[in-house]
Amino acid sequence: MQKTSHSHAHGLIDGKSILITGGTGSFGRRFVERVLAGSRPRRVIVFSRDELKQQEMRQSVRGGDSEPMRYFIGDVRDRDRLQRAFHDVDIVVHAAALKQVPACEYNPIEAVLTNVMGARNVVDAAIDQGVERVIALSTDKAVNPVNIYGATKLCMEKLVVQANVYSGHGQKPSFACSRYGNVIGSRGSVVPIFQAQRDRGRITVTDRRMTRFWLTLDEGVDFVLHCLERMQGGEIFVPRIPSMRVMDLVSAMAPDCRVEFVGIRPGEKLHESLLSEDEARHAVAFEDMYVILPEGELAPKSRAKGGDPLPEGFRYTSDNNRDWLSLQDLMSMLEQVTSA
């Protein structure tokens, strides 16, 4: 993904109260660090259900226990708690979710309660409390989903986009989604799994043909900041990011280890998609991203000026990507992750 200046996005946050659900996760921690370093928010609220991680965040994040910081124990499943937390909040970044594919497959109703009903609660609380902007984090697994995690994220996207109808044209809040691929080194990423397996001299791979979109945690944070700046309401923002081959990752991380192929797991794809052919019909391309524009009643609300329409039959998948990470690229990115 190409580097973009986010001074305007940081300026958008100056003097504002910003809340992030799931704020003690990998994304939330880095997002808070970047906001504190580059902006002058009136208040930064970390909303999560894990008291231990909140305490660790207070101690480890720069400025993590400073005057602008607030820590709310709560779950997005709890509507009343969200209503209280969203009071006098200007911007919400909705990052809370159950994300592990195997866990969601085994506990599907739990995934629905957090990822779908939780999103509904976020929407309702944002409208009731007069939040200005809400950006929700989605995933490539929401495109043509084959697992419950992707299905719940697709439903989340629909709820968030359609929330603009209930909030009213030109009125607050505005809702949008950012959809991107796998984050290198985040919790649940294949990188820490391979690191642990490497010590035992054996790497397990589901299928040698597998490809994935990949970006760093900082790139993900930059992208969400950029989406906050550009959103009008109803868009789904998709970054133009590189793909990687799983066997290249094995070569970069554990070239001397034995590889065992274990077969594709339930709910797993060979290749991921960030933009389907049907979505491409109402999407536009920019140098650094694609923007899926809202349809129907919401269509006039989005003003993605300057974007180029996509050709008929276009789709954006990890195996038809023009941008691929080389072995050297992967080694460099892994070094950045491990030294961070």
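Cut-off values and rules
Residue indices begin from 1 for each chain and proceed along its sequence in written order. Only residues with pLDDT of 70 or above have their local features reported here, since the model is predicted, and side-chain atom pairs are shown and tallied only from 80 upward, although totals for entire chains, interfaces and linings are computed over all residues. Each side-chain value is derived from all of the structure's non-hydrogen atoms; neither hydrogens nor water enter the calculation. Criterion used throughout: strands pair if DSSP finds at least two bridges between them. For the purposes of this entry, the term helix denotes a DSSP run of H or I that reaches at least four residues, the term strand denotes a run of E that reaches at least two, and both are numbered from the N terminus. Between 30 and 60 degrees the pair is tilted, below 30 it is stacked and above 60 it is edge-to-face, where a pair is any two Phe, Tyr or Trp rings, Trp via its six-membered ring, whose centres lie within 6.5 Å. Think of it as a cone above the ring: NZ of Lys or CZ of Arg counts as a charge over the ring if it is within 6 Å of the ring centre and within 35 degrees of the ring normal. Pairs of residues are marked as contacts when any of their non-hydrogen atoms sit within 4.5 Å. Structural elements are reduced to axes, namely lines fitted to C-alpha atoms, with helices fitted over the stretch in contact, and the angle between N-to-C directions of any two is expressed from 0 to 180 degrees. Each residue's exposure class comes from its accessible area (1.4 Å probe, protein chains only) as a fraction of the maximum for that residue type: buried when under 20%, exposed when over 50%, partly exposed otherwise. In this description, a nonpolar core means a group of buried Ala, Val, Leu, Ile, Met, Phe, Trp, Tyr and Cys residues linked to one another through side-chain atoms lying within 4.5 Å. Disulfides are defined as cysteine sulfur pairs within 2.5 Å. For classification purposes, angles smaller than 35 degrees are called roughly parallel, those larger than 145 roughly antiparallel, those between 65 and 115 roughly perpendicular, and all remaining angles oblique. The crossing is said to be left-handed when, going from far helix to near helix, the turn is anticlockwise and less than a right angle, and right-handed when the turn is clockwise. Three residue categories are used. Nonpolar comprises Ala, Val, Leu, Ile, Met, Phe, Trp, Tyr, Cys and Pro, charged comprises Asp, Glu, Lys and Arg, and polar comprises the others, including Gly. Between the first and last residue of a helix there are one fewer steps than residues, each counted as 1.5 Å, and that sum is the expected span.

(A) Highlighting the sheet that holds strand S9 (residues 211-215). The strand order across the open sheet formed by three strands is S7-S9-S11, and the pairing between neighbours is mixed. Either end of the sheet is taken by a strand with one partner, and the two such strands are strand S7 (182-183) and strand S11 (243-245). Summarising the sheet, S9 and S11 pair through three bridges and their orientation is antiparallel. Across the sheet, the residue bridging to Arg212 is Met244, located in S11.

(B) Spotlight on the packing of aromatic side chains. Counted by the stated rule, this structure contains five aromatic pairs. Aromatic rings pair up to connect Phe213, Tyr290, Phe314 and Tyr316 into one cluster. Just above the ring of Phe286 sits the side chain of Arg230; from NZ or CZ to the centre is 4.3 Å. In this arrangement the basic side chain of Arg245 is found over the ring face of Trp324, its NZ or CZ atom lying 3.9 Å from the centre.

(C) Looking closely at the sheet that holds strand S6 (residues 174-180). Across the sheet, ten strands lie side by side as S3-S2-S1-S4-S5-S6-S10-S15-S14-S16; this open sheet has mixed pairing. Sheet topology places strand S3 (69-73) and strand S16 (308-309) at the edges, where each strand pairs with a single neighbour. Note: strand S14 (residues 283-285) against S16, two bridges, orientation antiparallel. Across the sheet, residue Ala285 finds its bridge partner in S16, namely Asp308. Along the sheet, helix H2 (residues 26-38) makes contact with strand S1 (17-21), strand S2 (43-48), S3, strand S4 (91-94), strand S5 (133-139) and S6, crossing S1 at roughly 165°. The strands that helix H9 (residues 217-230) touches are S4, S5, S6, strand S10 (236-239) and strand S15 (289-292); relative to S6, the one it contacts most, it runs at about 150°.

(D) Representation of unusual backbone geometry within the structure. We note that Asp88 has phi near 65°; this positive angle belongs to a residue other than glycine. With respect to the helices, strands and loops of the structure, Asp88 is situated in the loop between helix H4 (79-85) and S4. For Asp88, a relative accessible area of 40% translates into the label partly exposed.

(E) Local environment of the nonpolar core. Residues Phe27, Phe31, Val32, Phe86, Val93, Leu275 and Tyr316 are the most contacted members of the largest nonpolar core, which totals 78 residues. Sorting elements by how many residues they give to this core places H9 first, with seven residues. When near neighbours in sequence (up to four residues on either side) are disregarded, Phe86 contacts Leu19, Val92, Val122, Ala125, Ala126, Gln129 and Val131.

(F) Main features of the state of the cysteines. Tallying each qualifying case throughout the model produces zero disulfides. As a non-bridged cysteine, Cys155 has Cys177 as the owner of its nearest cysteine sulfur, 11 Å distant. Its relative accessible area of 32% is what places Cys155 among the partly exposed residues. Cys227 provides the cysteine sulfur closest to Cys177, a residue in no disulfide bond, and the two sulfurs are 9.7 Å apart.

(G) Summary view of the packing of H2 against helix H3 (residues 51-60). Look at H2 against H3: their axes get within 12 Å of each other, and the N-to-C directions meet at 30°. Considering the angle they form, H2 stands roughly parallel to H3. In terms of crossing hand, the pair formed by H2 and H3 is right-handed. Contact residues: Gly28, Arg29 and Val32 in H2; Lys53, Glu56, Met57 and Ser60 in H3. In terms of residue class, the contact of H2 with H3 is built from two nonpolar, two polar and three charged.

(H) Geometry of H9. Its 14 residues place the ends of H9 20 Å apart at the C-alpha level, agreeing with the 20 Å of an ideal helix rising 1.5 Å per residue. Across the 14 residues that make up H9, a large majority, eleven, are buried. Within H9 the residues assigned to the buried category are Leu217, Glu219, Gly220, Val221, Asp222, Phe223, Val224, Leu225, His226, Cys227 and Leu228.

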